[in-house]
There are 4 protein chains.
Amino acid sequence: MIKVGIVGGTGYTGVELLRLLAQHPDVELAAITSRTEAGLAVSDMFPSLRGRVNLCFVEPDKAALDQCDAVFFATPHGVAMAQSPALVEAGVKIIDLAADFRLKNLDEFAKWYKIPHTATKLLDEAVYGLPEINREAIRKARIVANPGCYATAVQLGFLPLVEAGVVDMDHLIANAASGVSGAGRKAEVGSLFAEASDNFKAYGVAGHRHLPEIKQGLAQVAGREVGLTFVPHLTPAIRGILATLYARVTKDVDVQKLYAARFAHEPFIDVMPAGSSPETRSVRASNMVRIALHRPQGGDTLVILVAEDNLVKGAAGQAVQNMNLMFGLEETTGLTHIPILP
Amino acid sequence: MIKVGIVGGTGYTGVELLRLLAQHPDVELAAITSRTEAGLAVSDMFPSLRGRVNLCFVEPDKAALDQCDAVFFATPHGVAMAQSPALVEAGVKIIDLAADFRLKNLDEFAKWYKIPHTATKLLDEAVYGLPEINREAIRKARIVANPGCYATAVQLGFLPLVEAGVVDMDHLIANAASGVSGAGRKAEVGSLFAEASDNFKAYGVAGHRHLPEIKQGLAQVAGREVGLTFVPHLTPAIRGILATLYARVTKDVDVQKLYAARFAHEPFIDVMPAGSSPETRSVRASNMVRIALHRPQGGDTLVILVAEDNLVKGAAGQAVQNMNLMFGLEETTGLTHIPILP
Amino acid sequence: MIKVGIVGGTGYTGVELLRLLAQHPDVELAAITSRTEAGLAVSDMFPSLRGRVNLCFVEPDKAALDQCDAVFFATPHGVAMAQSPALVEAGVKIIDLAADFRLKNLDEFAKWYKIPHTATKLLDEAVYGLPEINREAIRKARIVANPGCYATAVQLGFLPLVEAGVVDMDHLIANAASGVSGAGRKAEVGSLFAEASDNFKAYGVAGHRHLPEIKQGLAQVAGREVGLTFVPHLTPAIRGILATLYARVTKDVDVQKLYAARFAHEPFIDVMPAGSSPETRSVRASNMVRIALHRPQGGDTLVILVAEDNLVKGAAGQAVQNMNLMFGLEETTGLTHIPILP
Amino acid sequence: MIKVGIVGGTGYTGVELLRLLAQHPDVELAAITSRTEAGLAVSDMFPSLRGRVNLCFVEPDKAALDQCDAVFFATPHGVAMAQSPALVEAGVKIIDLAADFRLKNLDEFAKWYKIPHTATKLLDEAVYGLPEINREAIRKARIVANPGCYATAVQLGFLPLVEAGVVDMDHLIANAASGVSGAGRKAEVGSLFAEASDNFKAYGVAGHRHLPEIKQGLAQVAGREVGLTFVPHLTPAIRGILATLYARVTKDVDVQKLYAARFAHEPFIDVMPAGSSPETRSVRASNMVRIALHRPQGGDTLVILVAEDNLVKGAAGQAVQNMNLMFGLEETTGLTHIPILP
């Protein structure tokens, strides 16, 4: 059994981690920390876990996290950066669901997150946890940076095209819509039901934090800089991201075959038949990503549709997938739940 | 392995049955029938099942249902009544998720369902599949009538009070709200998103088909007729029923203790601490029922709150629970999924 | 033109007041105050008002409210109590949308609102602003206490029965569901989209602040204390309240006729044909209340259904209706918008 | 008073027309036809209109539509084409909210609507009813083709750029999301609440009927063919369209100024300050369109955001705007309702 600790489990990625880990056959939940909620039973905050998770939140310094085999950070950025070095030193494997170890460029990190990086050595070592790209490195990693939700969908959607070098990489467009849980379990007016329901809007058009993360990932694959316009939107759903990607073809290629081949052995990527339209609910509460490819009117613009659950493959599920890899388990262990529809 | 057939799997109880059975360790899905969809891959209709359910819908007469160990009817009423006798004869165990075998009184059946009953012998034998009341009979049954969604919530909520005989049984009130999936996957204007969203209404006030079912169940427990006013409502949610029950106390009793004792060994009933307010999402996609008890201002009116997922404990989950009992399996097998929150 | 000031216009009742008053033919919006948002253009907070409301929020002490003809308080409780006496002294007519002047009993006020009342003389004088009961008194009032949203629906629904004395007044039951805007535009976790969507729950079962208000109103009409069990629920809609009321008949009466007669001349009460089921969306964004009456299975329990928009007849619309009466205008002026459906 | 008839008023554009026309100061509703609902009171189908619209649906041939001054067609395509010629002959002005008179090219019409056009002379004469482009022609028209909902948003959003010729017109991208009312009040599984709620998907990627309409309109303005990739999406909202448009700049220009100047005198176009993000709810139930302009990271890709209410400016509101123009009324008459927020 892998002894697991969770730092900061009061948000949506936290409760989703708890749901997945409490049903994981090889995991023992050892501790969950929260400064503000110390003493509270986890199941008092999340009654869906009544009878299934019997832990209480504890003060971070009383959690004996260094006795764990693995620690997940489901915290605001800055926390993992501060606490990880000592834990890694103590032999604990780290999976950070926040952004602390995602951007390799220190200036970019400081620009987008407004704080300097304080664990640069660990940052060098950290592996970006997108198994479809970095599987082997993840297996050996001591610390994994779990990708952002949009970043996962957009990178996976562009990946085969960028690897194959068959599209104009200076003018990629990623139009994406996310459910409101993506904003987290924070008391903010903009996320209120009466604000977000029966409404649709773009946000962060001038610049979203997942933009440099996506560009870094695609550049690494492409071996060159890529140009990307990324416009996220808020849709009145709890969960789900649909990324609608646009790329101009520069070299003729059978796109359907390209994707089918690239993802043939990926347990969590479903390349749908040509002409499909993946719905976010078709992956609800599961770790699956569904992708469909279109070339409208036979023009030179490709449309790639990518559906994921932002809290699972976009956060907690991918984190568990990374844990499975880091501990030599079957990659799909504890992640085979069938999506909830309707 | 239990070889299972499903008759009529194109509705919401059908796809929910498929989700649960496809993940059930002791079940082999053998056949699923649909006259209108014969030939279609199940996963083309329900892409959430892609890679998990590889069956196609088949014509009823080609399904070899008599070779199954168990057959579930997820059909409009009338179908199970017609097909069950031959199957039972052939040694197949039947679980009917429709209403054909719920009402023991033939006149009541004809009154509410507008057709005469044509399998009255089997009706006599059929066991009403509410395990919390009929567990032992279910274990031995050849045919089980799976209760209605409202009927499950309302009966479980009143059960301890009626058994104990401590409330005015002539004036019970059941005010309940259901998500729209309760109306089924039927193309009807009233269930359209643009009609049901951002709206709330009562319906069936003059008389809902679950009324005689609830009254029959409670009368059996009480050993006398009960008076019940039942007002269902439609709430803009996909899943979930909350029943808010009102009963006038006639004998003093510690209600919290009464319920805690009555349901102490029930795996799917969670009696919450006094003062709680169960939310439907706390049981979303799970077979749990959560109950909380209130006596506002210390008056003589009790308020009992009951939350269930109408598609799970209110339909497919309870059906699997009944199957587990009928086949001597651990009652909770395949039904331990943690609710999806948020 | 009536010169109008609004104190505290940053919530949902505030923006709804602005919508109604900006389209009111006899009103000039003079000032709107907010300590926290002073300087901000109202239409920057509420873009729906761009080009229609050109005011900025101002500091309360710079608003010259004493120069207004009417001032609306759309504030948390306690504010109107503090500021009204001086304004009334200055000849300004006051409509308080908060609770400061609703409860006549000082102990009850202190018990439910946790502060002592500091304007008891004005409280004595204040008229409870339910025009269907107090129309004449409102016309002459200097200060009106605008009723609560639930309180409006529940009182109007029970009114004819209680006036006629034909039901058991010791055991009234009001089961009501409200859209999430009823919780206000406050950043609270419980009102987040990801918490309130696809969910249904009761709340405040032990005691809701509208309970004493309803009991006071009905008692006044009945000439005696009434017993009421009131259970509010949260439904995933933006607007709308549906009250489902239960009362035991004690004297035979043609209920449909009773209601039709009682409300025959009420411009905002629509008594629907027998057997109807009013939907909240049928009054969305309008000042109408729709009522339907049922006596299921001919038993002795009446079911009264009442639909209102909690922000209009349940708040801002009723406030404007009261203003119209106080200033001798046609009662329906500026309040004849047709509901928005779908 | 303009005597108005409506053909086919049982859908969402129908009820929205009724809402607007019943409050229009210069309109008398004379007749509304429906073959299937003849005899039914309009307000029995749409209780929001109780007390406001006292018409019953009548058989088309009993409606005396030729006695009307104006007739609106809110019908499936094909109907207006069949009935308009006789009405125009009789001196009735026609506004067709369906697609019969939108596409000037007969082959395109036959290709997208699967029927041949049978009123080609009237088609030649018909004016495309986008007042921001065709205002003067509309004033003199006998028959107006009211634009599609997406077509309105996308054309208005691209209009200034295309007129100015400052973007790559071979590779325009229109990514749009619509509320579910856009699918109409038709009983279809895909529009059910339990299908469309908590979900997000693209549809019609291979080709949507508004594509040729948009291309025709932009080509007319550009004086050349344009290349457009159009991907509509379904968002779980009742009303609202947000179009997110992408265009590559080819000539430097101050886009904010360009739009501000182009729409300076348009009563229903609100060019928001740079950096804004229009929400669909900011125009809910109103005829306003809000537009905001972005040039992310100073790159060469422009992002234009356009919010409209698909049932108002995207259908019934624009139809009334056209009627106002055709009858020499002030263009905004009856269309100044403030949006409903929240």
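A quick note: this is a predicted structure, and the numbers were derived from the prediction, not measured. (Residues numbered from 1 in each chain as written. Chains lettered and ligands numbered in written order. Predicted model: local features only at pLDDT ≥ 70, side-chain atom pairs only at ≥ 80, totals over all residues. Heavy atoms only, no water.)

Quick word on the overall build of chain A
Logical step 1: Along its length, chain A carries 11 helices and 14 strands.
Logical step 2: Relative to its length of 342 residues, chain A is compact, with a C-alpha radius of gyration of 19 Å against a globular reference of 20 Å.
Logical step 3: Split into buried and exposed, the 342 residues of chain A put 67% on the buried side.
Logical step 4: In chain A, the share of contacts with a sequence separation of at least 24, taken over all contacts with a separation of at least 6, comes to 70%.
Logical step 5: Entry remark: accessible area of chain A is about 10900 Å², with carbon and sulfur atoms responsible for 50%.
Logical step 6: Of the side chains in chain A, 32 bear a positive and 36 a negative charge, and the two mean positions are spaced by 1 Å. (Helix = DSSP H or I, 4+ residues; strand = E, 2+ residues; numbered from the N terminus. Rg over C-alpha atoms; globule rule 2.2 N^0.38 Å. Buried < 20%, exposed > 50% of the residue type's maximum accessible area, 1.4 Å probe, protein only. Contact = heavy atoms within 4.5 Å. Areas by Shrake-Rupley, 256 points an atom, 1.4 Å probe, with all protein chains shown as cover. Lys, Arg positive; Asp, Glu negative; His and termini not counted. Charge placed at Lys NZ, Arg CZ, Asp CG, Glu CD.)

Observations concerning the relation of the copies chain A and chain B
Logical step 1: For the pair chain A and chain B, the superposition axis carries a translation of 0.0 Å, the fit reaches an RMSD of 0.0 Å, and the rotation angle comes to 180°. What we have between these two chains is a two-fold relation. Judged by C-alpha distance, A:Asp198 is the residue of chain A that lies nearest the rotation axis, at 4.0 Å.
Logical step 2: A share of 100% of interface residues in chain A that are also interface residues in chain B marks the association as one of identical surfaces. (Least-squares fit on C-alpha atoms with pLDDT ≥ 70 in both.)

Considering the sheet that holds strand E1 (residues 2-7) of chain B
In any sheet, the strands associate via hydrogen bonds between backbone groups, in a parallel or an antiparallel arrangement.
Residues and elements named next belong to chain B.
Logical step 1: One open sheet accounts for seven strands, arranged E3-E2-E1-E4-E5-E7-E6; its pairing is parallel. Single-partner strands in this sheet number two, and they are strand E3 (57-58) and strand E6 (127-128).
Logical step 2: Most of the contacts of helix H3 (residues 79-89) go to strand E4 (residues 70-73), to which it runs at about 175°, and overall it touches E1, E4, strand E5 (93-96) and strand E7 (143-145). (Pairing = 2+ DSSP bridges. Axes fitted to C-alpha atoms, helices over the stretch in contact; angles between N-to-C directions.)

Some details on the interface of chain A and chain B
Logical step 1: Each partner contributes residues to the interface: chain A has 31 residues there, and chain B has 31 residues.
Logical step 2: The contact between chain A and chain B buries some 2700 Å² in all, and 62% of this surface belongs to carbon and sulfur atoms.
Logical step 3: When the area that chain A buries against chain B is broken down by residue, the three leading residues are A:Arg50, A:Ile338 and A:Pro342, summing to 26%.
Logical step 4: Remark: the boundary between chain A and chain B carries two salt bridges.
Logical step 5: Between B:Asp270 and A:Arg50 there is a salt bridge, with the nearest N and O atoms lying 2.6 Å from each other.
Logical step 6: Secondary-structure elements contributing two or more residues to the side of chain A that touches chain B are helix H1 (12-22) and strand E12 (269-271) of chain A.
Logical step 7: The dominant element in the side of chain A that touches chain B, judged by the number of residues it contributes, is H1(A), at five residues.
Logical step 8: Tallied by class, residues from the side of chain A that touches chain B come to 17 nonpolar, six polar and eight charged. (Buried area = accessible area lost by both parts, 1.4 Å probe. Salt bridge = Lys/Arg side-chain N within 4 Å of Asp/Glu carboxyl O. Nonpolar A, V, L, I, M, F, W, Y, C, P; charged D, E, K, R; others polar.)

Section: the packing of helix H7 (residues 149-164) of chain B against helix H10 (residues 255-262) of chain B
Residue and element names in this part refer to chain B.
Logical step 1: Running from N to C, H7 and H10 cross one another at 105°; their axes reach a closest spacing of 10 Å. Taken together, the axes of H7 and H10 lie roughly perpendicular to each other. On H10, the residues that touch Gly157, Phe158, Leu159, Pro160, Leu161, Glu163 and Ala164 of H7 are Val255, Leu258, Tyr259 and Arg262.
Logical step 2: Residue composition of the contact of H7 with H10, grouped by class: eight nonpolar, one polar and two charged. (Parallel < 35°, antiparallel > 145°, perpendicular 65-115°, else oblique.)

A short note on the sheet that holds strand E1 (residues 2-7) of chain C
All names here are of chain C.
Logical step 1: The sheet built from seven strands is open, its strands ordered E3-E2-E1-E4-E5-E7-E6 with parallel pairing. Pairing within the sheet leaves two strands with one partner each, and these edge strands are strand E3 (57-58) and strand E6 (127-128).
Logical step 2: Alignment of strand E2 (residues 27-33) against E3, held across two bridges, turns out to be parallel. Its bridge partner being in E3, Ile32 is matched across the sheet by Phe57.

Quick word on the relation of the copies chain A and chain D
Logical step 1: Laying chain A over chain D is done by rotating through 180° and shifting 0.0 Å along the axis; what remains is an RMSD of 0.0 Å.
Logical step 2: Most of the interface of chain A is mirrored in chain D: 100% of its interface residues are interface residues there too.

Things to note about the pattern of salt bridges
Logical step 1: Per the counting criterion, the structure on display carries 72 salt bridges over all chains.
Logical step 2: Among the salt bridges present, the one from A:Asp198 reaches D:Arg284, with a minimum N-O distance of 3.1 Å. Residue A:Asp198 is found in the loop between helix H8 (193-196) and strand E9 (201-202), and its partner D:Arg284 is found in the loop between strand E12 (269-271) and strand E13 (289-294); the two belong to separate chains. The same class applies to A:Asp198 and to D:Arg284, which are both buried.
Logical step 3: D:Asp252 is the salt-bridge partner of D:Arg295, the closest N and O atoms lying 3.3 Å from each other. Of this pair, D:Arg295 sits in the loop between E13 and strand E14 (301-308) while D:Asp252 sits in the loop between strand E11 (241-248) and helix H10 (255-262), and the two are 43 residues apart along the sequence.
Logical step 4: Connected via shared salt-bridge partners are A:Glu16, A:Arg19, A:Arg239 and A:Asp309.

With respect to the environment of D:Val154
All names here are of chain D.
Logical step 1: On the secondary structure map, Val154 appears in helix H7 (residues 149-164).
Logical step 2: On the basis of relative accessibility, which here comes to 0%, the residue Val154 falls in the buried class.
Logical step 3: Here the alpha-carbon distance between Val154 and Leu218, two residues 64 residues apart in the chain, equals 9.4 Å.
Logical step 4: Each residue touching Val154, except ones within four places of it in the same chain, is listed here: Ala174, Ile214, Ala243 and Leu245.

Observations concerning the interface of chain A and chain D
Logical step 1: If you look at the interface, chain A gives 46 residues, while chain D gives 46 residues.
Logical step 2: Here chain A meets chain D over a buried area of about 3700 Å², counting both sides, of which 50% is carbon and sulfur.
Logical step 3: Applying the counting criterion to the chain A and chain D interface returns four salt bridges.
Logical step 4: At the boundary of chain A with chain D, the tally comes to 28 residue pairs in polar contact (both at pLDDT 80 or more).
Logical step 5: For the side of chain A that touches chain D, the elements supplying multiple residues, two or more each, are strand E8 (172-178), H8, E9, strand E10 (228-234), strand E11 (241-248) and strand E14 (301-308) of chain A.
Logical step 6: Of the residues that constitute the side of chain A that touches chain D, the class distribution is 22 nonpolar, 14 polar and 10 charged. (Polar contact = N/O pair within 3.5 Å; in protein donor to acceptor, adjacent residues only side chain to side chain.)

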